[in-house]
Amino acid sequence: MIKPNIPKGMRDFSPVEMGKRNYIFNIIRNSFQKFGFLPLETPAMESLSTLTGKYGDEGDRLIFKVLNSGDFLEKTTLRTDPTKEITVQNVLTQISEKALRYDLTVPFARYVVMHRHEINFPFKRYQIQPVWRADRPQKGRYREFYQCDADIIGSNSLWNEFELIQLLDDVFTRLGLKVVIKINNRKILSGIAEYIGASGSVTDITVAIDKLDKIGKEKVIEELQQKGIMPEAIDKIKPLLDFKPITAIGNETSTYLNELIGNTKIGQKGIDELKVLFEQTTKIPLQTARFEFDLTLARGLNYYTGAIFEVKLNEEKIKFSGSLSGGGRYDDLTGIFGLPNLSGVGISFGADRIYDVLEELQLFPDDRLNHIKVMIANFGSDTTGFCLKLLYTLRQHGIAAIFYPDEVKIKKQFEYAHALKIPFVVIIGEEELKLEKISVKTMSNGHQETVSVNHLLQLLKGTLI
RNA sequence: GUAGGUAUAGCUCAGUUGGUUAGAGCAUCAGAUUGUGAUUCUGAGGGUCGUGGGUUCGAGCCCCAUUACUUACCCCA
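Let us look at the structure shown here. (Residues numbered from 1 in each chain as written. Chains lettered and ligands numbered in written order. Predicted model: local features only at pLDDT ≥ 70, side-chain atom pairs only at ≥ 80, totals over all residues. Heavy atoms only, no water.)

**Thoughts on the environment of L73**
For step 1, the next point in the chain: Relative to the elements of secondary structure, L73 occurs in helix α4 (residues 72–75).
For step 2, the next point in the chain: Sequence-wise, L73 and Q94 are 21 residues apart; in three dimensions their C-alpha atoms are separated by 8.7 Å. (Helix = DSSP H or I, 4+ residues; strand = E, 2+ residues; numbered from the N terminus.)

In structure tokens:
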């Protein structure tokens, strides 16, 4: 006998959990559609070459590679070709040519390039699918998890950024979660890098700055030194490390930012973009989300070039450090696939993390989680005919109904209905057959009455109180 | 990749300086109640104490190894 198990970081979802997960997905999907995004799905596997090099060295390591089919060892040249050194990289390229998707953005870029002639730009698409990462699982981190992405590609307009901010606000408002939407602009960070004479190290600088709230100012400076940033350059960055998130950009902030970026064109553009978004959010305020500019927000993914977003939980009751959502503008994601100058901006919701947070805050609504409305109890073959007819009628009226299939003790049948949280149980025994009526019990309060079929339909449709 | 923690019934966990037959709650099943769940009462089943070795008269407990799980770091949703 094999002891049943599932691989590390993988999870089953029980019916109860699926009810909760669907609640989240439905809200997100509904918002996506409301904002005019169109659905798209891509396969679980992509060519390995599509994925590698897009997520940095760290990301490449976390891609799940799929072994080639057949006798892949026979086909390798490693044993016959003595000039080829046996390294992980060399072996890998010969035995694996496809991999599980690591996120939804890169497959989307690949799709856009492949279908560029049939797509109407600007293209707004949403995609809700699992992604896989060979990460060490821990709290809030899984090896298989769902991303819910919305991207607009083929438009440079800042209105897209603003729409995504509204979309974030819409989703988290409807989920009942208090969040803060943090925003920054990679152009400002690039401007700073250029000004301090370290343009080549933008990624190193952003990655280091991104760790600020975790490891503190001193350690960030240490890391910058290790990355080979000149001491005088680090001195110029130091004021940035004392930056505290703000909710509006006044004159004081502008002056401060201008000093940090010097006179760099790109830095100035970043500041301008930021100002437009803040102006918009004062004209059309967000429903519940707090909107913050955080100069120290960097985000690791290195394809971002403009605005970057991150959503964090803003609840006093619980601590949850991971981000619930994130995204940004990427100017040239499709360039690597041979389609340059196509700008896009997108966001991604982490459904699994949202689940964990809603669970901890007990914010899942009780209703809607079980969709079965009524169970017809089984009283034996004499009544089965009538029961099945009623079952058919109920379903014709769009009511989710089940018939207890086995002729067992009534007690057991009620226990079953109770365990499944089915709100109504219908009883049809000899007495009911004689009267041509049915008895219906409301499980929440124990009330039971004998009624006509029409009355039952009205009750189950909620038109009776 | 680095560093900790945990492993005892289906689940959550007790288990005294190492001492005789390893416990509780929940869950399951049966009954009190032959047409009624959630409450109450009674009873029952369920364990090679993760695995392998060592110390000891004696190990769930101490030591070593190993595996699995888990948390933090790195990175990220």
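There's plenty left to go through after this.
**A word on empty space enclosed by the protein**
For step 1, the next point in the chain: A complete count under the given rule lists two cavities of 30 Å³ or more for this structure.
For step 2, the next point in the chain: Taken as a whole, the largest cavity holds about 50 Å³ of empty space.
For step 3, the next point in the chain: Taken together, L189, I192, A193, V202, I205, T206, I209 and L240 make up the lining of the largest cavity.
For step 4, the next point in the chain: At the level of elements, α8 (186–195) and α9 (202–210) are the ones that each hand at least two residues to the lining of the largest cavity.
For step 5, the next point in the chain: For the second largest cavity, the full set of lining residues is R11, F13, R21, E144, F145, Y146 and D352.
For step 6, the next point in the chain: For the lining of the second largest cavity, the element with the most residues is strand β6 (residues 144–153), which contributes three residues.
For step 7, the next point in the chain: Its residues assigned to classes, the lining of the second largest cavity shows three nonpolar, no polar and four charged. (1 Å grid on protein atoms, 1.4 Å probe; cavity = no way out; pocket = protein on both sides within 12 Å on 5 of 7 lines; lining within 4 Å. Points joined across faces, edges and corners; volume = space filled by probe spheres on them. Nonpolar A, V, L, I, M, F, W, Y, C, P; charged D, E, K, R; others polar.)

**Some remarks on the protein's contact with RNA strand B**
For step 1, the next point in the chain: The local shell around RNA strand B holds 38 residues, among which R133, R141, K211, M443 and Q448 are the closest.
For step 2, the next point in the chain: Among all atoms of RNA strand B positioned within 4 Å of the protein, those belonging to sugar or phosphate total 50%.
For step 3, the next point in the chain: Contact between RNA strand B and K409: a phosphate oxygen at 3.1 Å from a side-chain N or O atom of the residue.
For step 4, the next point in the chain: In this structure, E432 approaches RNA strand B through a side-chain N or O atom, which is 3.0 Å from a base nitrogen.
For step 5, the next point in the chain: Breaking the surface near RNA strand B down by element, the ones donating at least two residues are β6, α10 (212–226), α16 (410–419) and α17 (430–435).
For step 6, the next point in the chain: Per-element tally for the surface near RNA strand B: the top contributor is α16, with six residues.
For step 7, the next point in the chain: For the surface near RNA strand B, the residue count by class is ten nonpolar, nine polar and 19 charged. (Near = heavy atom within 4 Å. Polar contact = N/O pair within 3.5 Å; in protein donor to acceptor, adjacent residues only side chain to side chain.)

**Some thoughts on the nonpolar core**
Nonpolar side chains in soluble globular proteins tend to end up buried together.
For step 1, the next point in the chain: Ranked by size, the top nonpolar core spans 73 residues in total, and within it I24, F32, F172, L175, L177, F349 and I354 carry the most contacts.
For step 2, the next point in the chain: The element contributing the most residues to this core is helix α7 (residues 159–175), with eight residues.
For step 3, the next point in the chain: Setting aside chain neighbours within four positions, we find I354 in contact with I24, I28, F172, L175, L177, L324 and F349.
For step 4, the next point in the chain: By size, the runner-up hydrophobic cluster in this structure holds 24 residues, among which are L40, V106, I153 and L339. (Core = buried A, V, L, I, M, F, W, Y, C linked by side-chain atoms within 4.5 Å. Buried < 20%, exposed > 50% of the residue type's maximum accessible area, 1.4 Å probe, protein only. Contact = heavy atoms within 4.5 Å.)

**Regarding the sheet that holds strand β10 (residues 325–330)**
One key point about sheets: their strands pair by backbone hydrogen bonds, in either a parallel or an antiparallel sense.
For step 1, the next point in the chain: One open sheet accounts for eight strands, arranged β1-β5-β6-β11-β10-β9-β7-β8; its pairing is mixed. Here the strands that pair on one side only, and so sit at the sheet edges, are β1 (38–39) and β8 (290–293).
For step 2, the next point in the chain: As paired strands, strand β9 (residues 307–313) and β10 are joined by four bridges and run antiparallel to one another. Bridge pairing in β10 places E310 opposite G326.
For step 3, the next point in the chain: Taken strand by strand, helix α6 (residues 105–114) contacts β5 (123–132), β6 and β10, and its axis lies near 135 degrees from that of β5. (Pairing = 2+ DSSP bridges. Axes fitted to C-alpha atoms, helices over the stretch in contact; angles between N-to-C directions.)

Geometric descriptors of this kind do not, in isolation, establish any biological role.
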